[in-house]
Amino acid sequence: MTNPIRVAVTGAAGQIAYSILFRVASGQVFGKDRPVHLKMLEIPPAMKALQGVAMELADCAFPLLAGMDLTDKADEAFDGINWAFMVGAKPRGPGMERGDLIKENGPIFVGQGRALNRGANDVRAMVVGNPCNTNCLIAMKNSDVPKDRFSAMMRLDQNRAQSLLAEKSGQPVTAVTNMAIWGNHSNNQYPDFENAKIGGKPAAQVIKDETWLKETFLKTVQNRGADIIKARGASSAASAANAALDHVRDLIQPTPAGDWRSVAVCSNGQYGVDKDLIFGYPVRVKADGAYEVVEGLAMTPWAKAKFDAVHDELRKERDVVKDLLK
Ligand code: NAX
């Protein structure tokens, strides 16, 4: 039998992990013939709930689930792993500013960044816990794992944008391609309809409603997370988990020709972004498995102003956590 892939999930008793774990164990990410060993990390008060989750995983009798470890120590959770889903973080409390949240959650990613050094030689980490771009930056800066193994999740925003363009144009979601979400997973992200395509044509030529694209589309995608909290009384969970699975598949499979995926990766200065910021870019995975940022996409001055605003936001977040960056 093939060696199991060792997958860590942090925040494993939380609501997003509750959707991730069962789908990973069923083979929906790493393949229907690849056994999975789950390494689940929680904080001590949540260990009892985590045991309940593990009981349910066992009760599914997944043929591919080769083992489970439950721990409240990052070093144990990340020992020998190939992939980390870094989901665990504190949610934003009432009246809490984004800066407060960054300060609360930042230290978690210092310890977990160091613990990633215990991963396998090919270890890769994706961050969901918010503020995910800056948490990913902290983990990367505190780890010896190469920078191109870190990413943060923009795929939920990409999926939201694709779904909205499909609905407006009356076409299936599969017709919407080339959807880039620039910058930060925040309400300043820039969902780039100028470069998006519907049925192979520029989205603006199909939708022909500039006001809707610049106002309704933009705001709906940017504020979708908050709108879901208002409607559901809880933040996005199943859709976030689904996007986390999409994100990992995007990075382990070659991207279909001509298309790209939205992934926040370490900037190497592409599009003038400060080096090392974890920035949402259009990304392609090549046949050899390496990824590249798609370069040379055009932006109107209107779009460039949105891009610059979200770039500034990420610079400010970096300044808030500067003491946590090596
Ligand atoms: P939950 O509060 O349901 O679960 C979080 C879990 O993390 C809890 O069980 C908690 O005990 C655990 N945890 C806290 N500190 C930890 C630590 N140091 N080590 C390990 N586990 C720890 O939140 P959930 O809804 O699952 O959301 C998780 C994170 O995803 C939040 O930060 C949330 O803001 C973020 N999101 C990110 C999204 C994205 O697109 N990047 C979208 C959805 C979501 O809002």
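One can find the structure itself at the top, above this paragraph.
Residues numbered from 1 in each chain as written. Predicted model: local features only at pLDDT ≥ 70, side-chain atom pairs only at ≥ 80, totals over all residues. Heavy atoms only, no water.

**A look at the sheet that holds strand β10 (residues 197-198)**
Next up, step 1: Strand order in the open sheet made by the 3 strands is β7-β10-β11, with antiparallel pairing throughout. On the outer flanks of this sheet lie β7 (176-177) and β11 (201-202), each paired with one strand and no other.
Next up, step 2: Examined bridge by bridge, β7 and β10 share 2 bridges and lie antiparallel to one another. By the bridge assignment for β10, V176 is matched with I198. (Pairing = 2+ DSSP bridges. Helix = DSSP H or I, 4+ residues; strand = E, 2+ residues; numbered from the N terminus.)

**Concerning the nonpolar core**
Next up, step 1: Ranked by internal contacts, the top residues of the largest apolar core, which has 106 residues, are F85 and L165.
Next up, step 2: Composition of this core by domain shows at least three residues from each of domain 1 (5-152) and domain 2 (155-320).
Next up, step 3: Here F85 is in contact with V7, A8, V9, T10, I20, V24, M126, A244, L245 and V248, once residues within four sequence places are set aside. (Core = buried A, V, L, I, M, F, W, Y, C linked by side-chain atoms within 4.5 Å. Buried < 20%, exposed > 50% of the residue type's maximum accessible area, 1.4 Å probe, protein only. Domains from an automatic or database assignment. Contact = heavy atoms within 4.5 Å.)

**Let's talk about the pairing of strand β6 (residues 150-153)**
Next up, step 1: Alternating positions in β6 separate into two faces, F150 and A152 on one and S151 and M153 on the other, with burial throughout.
Next up, step 2: In this structure, strand β5 (residues 124-127) lies alongside β6, joined through 3 bridges in parallel fashion. Paired with A125 across the bridge in β6 is F150.
Next up, step 3: As a crossover connection, the stretch from β5 through helix α5 (residues 132-141) into β6 is right-handed.
Next up, step 4: By the bridge criterion, 3 bridges tie β6 to strand β12 (residues 261-266) in an arrangement that is antiparallel. Note that in β12 the partner of A152 across the bridge is A264. (Right-handed = clockwise from strand over helix to strand, strands pointing away.)

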